[in-house]
Amino acid sequence: MNPHSIKRGVLNFRFFGSLTLSLFFIVIIAYFFYGLQPNVSRAEPEELKIEKGEGIREIGARLSQRSLIKSVSVFKFYSLMSGKAQKFQPGVYDLKASMSVPQIVNVLTRGEVKQVRVIVTEGMTLKDVDTLLADAGVIKEGTLTAVEPADLAADFLFLPGVSLLEGFLFPDTYNFRVDSSAEEIAERFLINFRDKVWPLLEGAPAWYDRLILASFLEREVPGFPDRQIVAGILLKRLEVKMPLQVDATITYAKCDGKVRSCPSPLIRQSDLTIVSPYNTYQRLGLTPTPIANPGQTAIRAALSPVQSPYWYYLSALETKETIFSETLDEHNFNRVKYL
């Protein structure tokens, strides 16, 4: 064979080989950049949960299954090349198919987890809040009620000796991460209590008793002036060892602390015989713990009781007005008239 033909053939082979290799790399690079782009323009968020210890392969597979990325291989390659493959944070995320792979990776590695807004209102109980948070996907039901205050006492000066978080979940608007731990949530509540309530209670004698009293006022009486008068009545009853007879404590006992979803929160005569440390008709003194989480108004009322000639009170059934009485006969008359 002609040496020139052989040489030409080798050159042609090298040329086409180089061309093929170049085209291959161009296709690979094009595919890579194509794979980095958003999958679709759909803007609705898709929820993705990353478990602790979950690897890039599992994460990529679920992103692909939910049509959030075009290619698992491109996702893995980009994550490795960007040095973020080992930095994915566990949690629940709201992702959109309109996001590019770099955007998704940044969200997952910065821990920009999904948050929900939760409003804890005055008078909710610990179990009420636990259920509220569980319904919102923040915690698993029953985990907040299981938190032991003693486990957090080192960080909060007011917790030593406290047996239950009831009364310490300050009513407010909160933003919580979905799938948080109950301990994280408890700490958020306690920090808010420390900042907004503890300065009011810290210097008060028997401050925990005043917190319990505030929880009674929150559940029993609307309006700051009336709450101050009722605080004075209840403290006067404590002094003379008279039963407090606070209906809200019976509701707390009857509903096992879960007042919002209680099927029959109204008190009947038969409920007054419930055997419970929260039955203030049968037992003297305050209840062992608060019966709800009071707001600042109720707490301020408990700290500034007003003396009066009254010994009894009730809430009018229709108007919710607080009706005061000096004697038991007058109180019984008002019961017939207003209830």
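Residues numbered from 1 in each chain as written. Predicted model: local features only at pLDDT ≥ 70, side-chain atom pairs only at ≥ 80, totals over all residues. Heavy atoms only, no water.

Chemist: Now, about the overall build of the protein chain: what can you tell me, with residues and values included?
Modeler: Each helix and strand counted, the protein chain has twelve helices and six strands in total. Within the protein chain, buried positions represent 42% of all 339 residues. Put simply, of all contacts in the protein chain between residues at least 6 apart along the chain, 65% involve residues at least 24 apart. Total accessible area computed for the protein chain in this model is approximately 18400 Å², and 55% of it derives from carbon and sulfur atoms. (Helix = DSSP H or I, 4+ residues; strand = E, 2+ residues; numbered from the N terminus. Buried < 20%, exposed > 50% of the residue type's maximum accessible area, 1.4 Å probe, protein only. Contact = heavy atoms within 4.5 Å. Areas by Shrake-Rupley, 256 points an atom, 1.4 Å probe, with all protein chains shown as cover.)

Chemist: For the nonpolar core, give the residues involved together with the corresponding values.
Modeler: Leu133, Leu144, Phe158, Leu159, Phe168, Phe189 and Trp207 are the most contacted members of the largest nonpolar core, which totals 62 residues. Looking at this core element by element, the count peaks at eight residues for helix α8 (residues 207-220). If we skip the residues at most four places from it in the chain, Trp207 touches Phe158, Phe168, Trp198 and Leu201. Formed by 21 residues, the second largest nonpolar core is a distinct cluster that contains Leu68, Phe88, Ile104 and Val113. (Core = buried A, V, L, I, M, F, W, Y, C linked by side-chain atoms within 4.5 Å.)

Chemist: Residues and numbers for the pattern of salt bridges, please.
Modeler: Taken as a whole, this structure holds eleven salt bridges when the rule is applied. Its salt-bridge partner being Lys49, residue Glu51 comes within 3.5 Å of it at the nearest N-O pair. A salt bridge links Glu54 to Arg62; its shortest N-O distance comes to 2.7 Å. Residue class for Glu54 comes out partly exposed when judged on its relative accessible area of 23%. Several salt bridges converge on common partners, so that one network encompasses Lys49, Glu51 and Asp179. (Salt bridge = Lys/Arg side-chain N within 4 Å of Asp/Glu carboxyl O.)

Chemist: An account of the packing of helix α2 (residues 56-65) against helix α3 (residues 72-81) is requested, with residue identities and associated values reported.
Modeler: Two numbers describe how α2 lies on α3: the axes approach to 9 Å, and their chain directions differ by 140°. Of the possible angle classes, the one that applies to α2 and α3 is oblique. Relative to α3, α2 is oriented so that their crossing is right-handed. Contacts between α2 and α3 involve Ile56, Arg57, Ile59, Gly60, Ala61, Leu63 and Ser64 on the former and, on the latter, Val72, Phe75, Lys76 and Ser79. Class assignment for the residues of the contact of α2 with α3 results in six nonpolar, three polar and two charged. (Axes fitted to C-alpha atoms, helices over the stretch in contact; angles between N-to-C directions. Parallel < 35°, antiparallel > 145°, perpendicular 65-115°, else oblique. Left-handed = near helix turned anticlockwise from the far one by under 90°. Nonpolar A, V, L, I, M, F, W, Y, C, P; charged D, E, K, R; others polar.)

Chemist: Can you explain the pairing of strand β4 (residues 173-177)? Please cite residues and give values.
Modeler: Burial along β4 is one-sided: the residues Tyr174 and Phe176 are buried and none of Thr173, Asn175 and Arg177 is. Sheet topology places strand β3 (residues 115-119) next to β4; five bridges connect them, and they run antiparallel. Following the sheet pairing, Val116 is matched in β4 by Phe176. (Pairing = 2+ DSSP bridges.)

Chemist: Give me the packing of aromatic side chains: which residues, what numbers.
Modeler: Considering all chains together, one arrives at 15 aromatic pairs under this definition. Between the aromatic rings of Phe168 and Trp207, the centroid separation amounts to 6.3 Å while the plane-to-plane angle is 80°, which identifies the pairing as edge-to-face. With Phe168 in the loop between α5 (126-135) and β4 and Trp207 in helix α8, the pair connects residues that are 39 residues apart, well separated along the chain. Residue Phe168 shares its accessibility class with Trp207, and that shared class is buried. Taken together, the ring pairs in this structure connect Phe156, Phe158, Phe168, Phe193, Trp198, Trp207 and Tyr208 into an aromatic cluster. Positioned above the aromatic ring of Trp311, the side-chain terminus of Lys236 is 4.5 Å from the ring centre. (Phe/Tyr/Trp six-rings, centres within 6.5 Å; stacked < 30°, edge-to-face > 60°. Lys NZ or Arg CZ within 6 Å of the ring centre and 35° of its normal.)

Chemist: Any details on a negative patch on the surface? Residues and values, ideally.
Modeler: Together, Glu148, Asp151, Asp155, Glu183 and Glu187 line one region of the surface with negative charge. Here Glu187 lies in helix α6 (residues 182-196). Classification of Glu187 by relative accessible area gives partly exposed; the value is 31%. (Patch = residues over 30% accessible without salt bridge, like charges linked within 9 Å, V, L, I, M, F, W, Y side chains within 5 Å. Lys, Arg positive; Asp, Glu negative; His and termini not counted. Charge placed at Lys NZ, Arg CZ, Asp CG, Glu CD.)

Chemist: Give a detailed account of the environment of Gly137, specifying residues and quantitative values.
Modeler: Here Gly137 lies in the loop between α5 and β4. Look at Gly137 and you get partly exposed, because its relative accessible area is 24%. For Gly137 and Phe176, which are 39 residues apart along the polypeptide, the C-alpha to C-alpha distance reads 9.5 Å. The contact partners of Gly137, leaving out residues within four places of it in the chain, are Val178 and Asp179.

Chemist: Break down the side chain of Thr287 for me, with residues and values.
Modeler: One can find Thr287 in the loop between α10 (247-254) and α11 (296-303). A polar contact is formed between the side chain of Thr287 and the backbone oxygen of Thr289, at a distance of 2.7 Å. Residues in contact with Thr287, not counting those within four places in the same chain, are Ile212, Phe216, Thr249, Pro277, Tyr278 and Thr280. (Polar contact = N/O pair within 3.5 Å; in protein donor to acceptor, adjacent residues only side chain to side chain.)

Chemist: Account for the environment of Pro309, with residues named and values stated.
Modeler: In this fold, Pro309 is placed in the loop between α11 and β5 (312-315). On a C-alpha basis, the gap between Pro309 and Ile229 in space is 9.7 Å, while along the polypeptide they are 80 residues apart.

Chemist: How would you explain the side chain of Ser215 if you had to name every residue and give the values?
Modeler: Tracing the sequence through the fold places Ser215 in helix α8. Relative accessible area serves as the criterion here: at 0%, Ser215 is assigned to the buried category. In this structure Ser215 touches Pro290, Ile291, Ala292 and Pro294, once residues within four positions along its chain are discounted.

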